[in-house]
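Descriptive analysis of the structure
Okay, here's what each chain looks like letter by letter:
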Amino acid sequence: MKVKKQITQLTPYQPGKPIEEVKKELGLSKVTKLASNENPFGSSPKVKEAIQQELAFLNIYPDGYSASLREKVANFLNVKEEQLIFGNGSDEVIQILCRAVLTKESNTVMAAPTFPQYKHNAVIEGAEIREVPLVNGEHDLDEMANQINEDTRIVWVCNPNNPSGNYISKERFLSFMKKVPADVLVVSDEAYFEYVEAEDYPETISLLDTYPNLMILRTFSKAHGLAALRIGYGIASEKIIKLIEPAREPFNTSRIAQAAAIAALEDEQFIKTCYEKNREGLQQFYAFCEKYQLSYYPSQANFILIDFERSGNEVFQYLLENGFIVRSGEALGFPTSARITVGSQEQNAEIIECLSKMIEQKVEVQ
Ligand SMILES: *Cc1c(COP(=O)(O)O)cnc(C)c1O
């Protein structure tokens, strides 16, 4: 069988290891997963009620247009319903965009390291990838603007950036937008939007009128705690949404995910509590890093990238054997770091204690 040549260079996404698998493999009874930036506090109790009501309709296709959720999100964000596109996770919106926009004659610009799905999907479409290295963990927006030429179709901006956790300020973002030609789409991936504390974080939705070439991605997977249900969305000008809609599958988001997302959006208190606990959790990690003089990027998200000055795989393996799943920085472009999701206060204290032992070399690290 023949496949697209470019797909032979790709490997499937390596997700964080599932808890059950690690328990079985290593014979551990307790395993804590702090690998995929999932919400350690679950999701709003209102979500479970909403899902319960949908169970009577499992035989009926979902609303392909997500009309109820669309209305809810449009009101919540104060945008028009026609400015939204929903996906099976924001991952799918990235896929839809690449499918609709990129060709093998075009190129796409992104930071490196950043969220891998921009590149992955662009490679499948055969587009040229223009990666611009982060500088001190931050997007080099000047160089990204320099990389744009007449064949550039999409520029990806991950804000806050995964895996570094830092952010692009309003001022820097605006001066970048001014440089980007009007026919080049800028995608601002805001998967961690609800966790951002920085006061100078850009309010991108208010920029949509000025910049009709801007698209914003948000998700219910992170702060809303609905990762299992796969639902995210894009916000852009009506014109862009209309152009890319044909690349979306007719029933791409499920009935249960739509209902859950509506309920999740209604529970603003849940998000507020998770935000606060996350800020407190980050403080636990900052104190740990300062105690052992480890360098890290101050985070605007629910994870932290810590430089342990030793192989990230070694740190990963040590933690795994002690019942913690994290992401090794080696696969993320930071070979001596590990990316750790901020958990509950107790989970954070436990992993910090375990890491402290490693650093104080009370244990053998292979
Ligand atoms: C987690 C994540 C996503 C994908 O989230 P979905 O679960 O597909 O909605 C997108 N972008 C970034 C930067 C992420 O970290």
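Everything numeric in this text was worked out from a predicted model, so none of it was measured.

Conventions we followed
- Residues numbered from 1 in each chain as written.
- Predicted model: local features only at pLDDT ≥ 70, side-chain atom pairs only at ≥ 80, totals over all residues.
- Heavy atoms only, no water.
- Helix = DSSP H or I, 4+ residues; strand = E, 2+ residues; numbered from the N terminus.
- Polar contact = N/O pair within 3.5 Å; in protein donor to acceptor, adjacent residues only side chain to side chain.
- Contact = heavy atoms within 4.5 Å.
- Phe/Tyr/Trp six-rings, centres within 6.5 Å; stacked < 30°, edge-to-face > 60°.
- Buried < 20%, exposed > 50% of the residue type's maximum accessible area, 1.4 Å probe, protein only.
- Lys NZ or Arg CZ within 6 Å of the ring centre and 35° of its normal.
- Pairing = 2+ DSSP bridges.
- UniProt positions renumbered as here; feature names shortened; annotations may be inferred.
- Salt bridge = Lys/Arg side-chain N within 4 Å of Asp/Glu carboxyl O.
- Core = buried A, V, L, I, M, F, W, Y, C linked by side-chain atoms within 4.5 Å.
- Near = heavy atom within 4 Å.
- Areas by Shrake-Rupley, 256 points an atom, 1.4 Å probe, with all protein chains shown as cover.
- Nonpolar A, V, L, I, M, F, W, Y, C, P; charged D, E, K, R; others polar.
- Axes fitted to C-alpha atoms, helices over the stretch in contact; angles between N-to-C directions.
- Parallel < 35°, antiparallel > 145°, perpendicular 65-115°, else oblique.
- Left-handed = near helix turned anticlockwise from the far one by under 90°.

Digging into the side chain of N37
Positionally, N37 belongs in the loop between β1 (32–33) and α2 (45–54). Here the side chain of N37 touches Y192 through a polar contact of 2.8 Å, side chain to side chain. Dropping the residues within four chain positions of it, N37 is found in contact with N162, Y192, K222, N302, F303, R339 and T341.

With respect to the packing of aromatic side chains
Centre distance and the angle of the planes are the two values used to describe a pair of aromatic rings. In the structure shown here, the tally under the stated rule is 10 aromatic pairs. Where Y286 meets Y296, the ring centres are 4.9 Å apart and the plane angle is 20°; that geometry is what we call stacked. Placement of the pair is Y286 in helix α10 (residues 268–291) and Y296 in strand β9 (residues 295–296), with a sequence separation of 10 residues. Here Y286 falls in the buried class, since its relative accessible area comes to 10%. The exposure class of Y296 is partly exposed, given its relative accessible area of 21%. Site record: aromatic cluster; members linked through ring pairs are F86, F220 and Y233. The ring of Y65 is capped by R70, whose NZ or CZ atom sits 3.6 Å from the centre of that ring. In this arrangement the basic side chain of K277 is found over the ring face of F41, its NZ or CZ atom lying 4.5 Å from the centre.

Concerning the sheet that holds β9
Pairing within the open sheet is antiparallel, and its four strands lie in the order β9-β10-β13-β12. Looking at strand neighbours, the two that pair on one side only are β9 and β12 (327–328), the edges of this open sheet. Two elements, β9 and strand β10 (residues 303–307), share two bridges in a ladder whose sense is antiparallel. Directly across from Y296, in β10, lies its bridge partner I306.

Comments concerning the UniProt feature "modified residue: N6-(pyridoxal phosphate)lysine" (unreviewed entry) in the protein chain
The UniProt record annotates "modified residue: N6-(pyridoxal phosphate)lysine" (unreviewed entry) at K222. By the element assignment, K222 lies in the loop between β7 (214–219) and β8 (232–235). On the accessibility criterion, K222 (14% relative accessible area) is buried.

Quick word on the pattern of salt bridges
Considering all chains together, one arrives at 17 salt bridges under this definition. K179 is paired through a salt bridge with D142; the nearest N and O atoms lie 2.7 Å apart. One end of the pair, K179, is in helix α7 (residues 170–179); the other, D142, is in helix α6 (residues 141–146), and 37 residues separate them in sequence. With relative accessibility at 44%, the residue K179 sits in the partly exposed group.

Points about the UniProt feature "domain: Aminotransferase class I/classII large" (unreviewed entry) in the protein chain
What UniProt calls "domain: Aminotransferase class I/classII large" (unreviewed entry) maps, in this numbering, to residues 30–353. Taken end to end, residues 30–353 is 37% helix and 17% strand, and its first and last C-alpha atoms sit 16 Å apart.

A closer look at the nonpolar core
Residues V73, L84, F176, L214, F220 and I235 are the most contacted members of the largest nonpolar core, which totals 48 residues. If you look at the next biggest cluster of nonpolar residues, it comprises 30 residues, including V22, L294, I340 and I352.

Some points on the site of the ligand
Taken together, 13 residues lie near the ligand, and S90, Y192, T219, S221 and K222 sit nearest. In this structure, D91 approaches the ligand through a main-chain N or O atom, which is 2.9 Å from an oxygen atom. Between S221 and the ligand, the recorded distance is 2.6 Å, taken from a side-chain N or O atom to an oxygen atom. For the ligand, the protein covers 94% of the area, taking 380 Å² as the surface of the free molecule. Taken together, the residues of the shell around the ligand sort by class into four nonpolar, five polar and four charged.

Some points on the packing of helix α3 (residues 67–77) against helix α9 (residues 255–266)
One way to put it is that α3 packs onto α9 with a least axis distance of 9 Å and a crossing angle of 25°. Here α3 is positioned roughly parallel relative to α9, judged by the angle of their axes. Handedness of the crossing formed by α3 with α9: left-handed. Of α9, the residues touching α3 (which contributes S68, L69, K72, V73 and F76) are Q258, A261, I262, L265 and E266. For the contact of α3 with α9, the class distribution of residues is six nonpolar, two polar and two charged.

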